[in-house]
Amino acid sequence: MAAKPSKTLETFANPKPGRDYVIRMRIPEFTCLCPKTGQPDFATLFLEYVADKRCVELKSLKLYVWSFRDEGHFHEDVTNRIVDDLVAALRPRFLRLTAAFNVRGGLYTHVTAEHRAPGWKAAPPLAPAAWHSDPTGAPR
């Protein structure tokens, strides 16, 4: 196997740093372990950000997400940890991550964490209606 999980997030120069535009990524194969039971937790990550000078390189993001597979994390912790790592690598104007975890014990958990750069005044981007799917069918 050539690729291995990695905590390194590679970046590249934003091709339009003078414009606010939203980059959205749906990452449906996130897994980590429950720190209490060791059983796998599965989630779809919804990443949205407004880049400043840097954008995240997709293969490095894939390997970064993969790096959590054998680690124990509470949902709240891992969501905020990913946001912190992305903010450190990208220094975005705005970043929102929603981790929509699959059902466990009859409970669905969705954790959303956001970052806004100091001085960034624009309104946070609105996600398209179909962006976040709620498996319970509850209205947004």
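Residues numbered from 1 in each chain as written. Predicted model: local features only at pLDDT ≥ 70, side-chain atom pairs only at ≥ 80, totals over all residues. Heavy atoms only, no water.

Caption draft 1: Seen up close, helix α1 (residues 58–66). Looking only at α1, the buried set comprises Ser60, Leu61, Leu63, Tyr64 and Val65. Looking at the buried positions of α1, the neighbouring elements they touch are β2 (22–33), β3 (40–50), β4 (54–56) and α2 (75–90). A distance of 3.1 Å separates the backbone nitrogen of Lys59 from a side-chain oxygen at the start of α1, and that oxygen is part of Glu57. (Buried < 20%, exposed > 50% of the residue type's maximum accessible area, 1.4 Å probe, protein only. Helix = DSSP H or I, 4+ residues; strand = E, 2+ residues; numbered from the N terminus. Contact = heavy atoms within 4.5 Å. Polar contact = N/O pair within 3.5 Å; in protein donor to acceptor, adjacent residues only side chain to side chain.)

Caption draft 2: A look at the packing of aromatic side chains. Here the structure, examined in full by the defined rule, presents four aromatic pairs. Taken together, a centroid distance of 5.2 Å and an interplanar angle of 85° make the contact between Tyr64 and Phe68 edge-to-face. Owing to a relative accessible area of 0%, Phe68 belongs among the buried residues under this scheme. Across the ring face of Tyr64, the terminal group of Lys7 is positioned such that the distance to the ring centre comes to 5.8 Å. (Phe/Tyr/Trp six-rings, centres within 6.5 Å; stacked < 30°, edge-to-face > 60°. Lys NZ or Arg CZ within 6 Å of the ring centre and 35° of its normal.)

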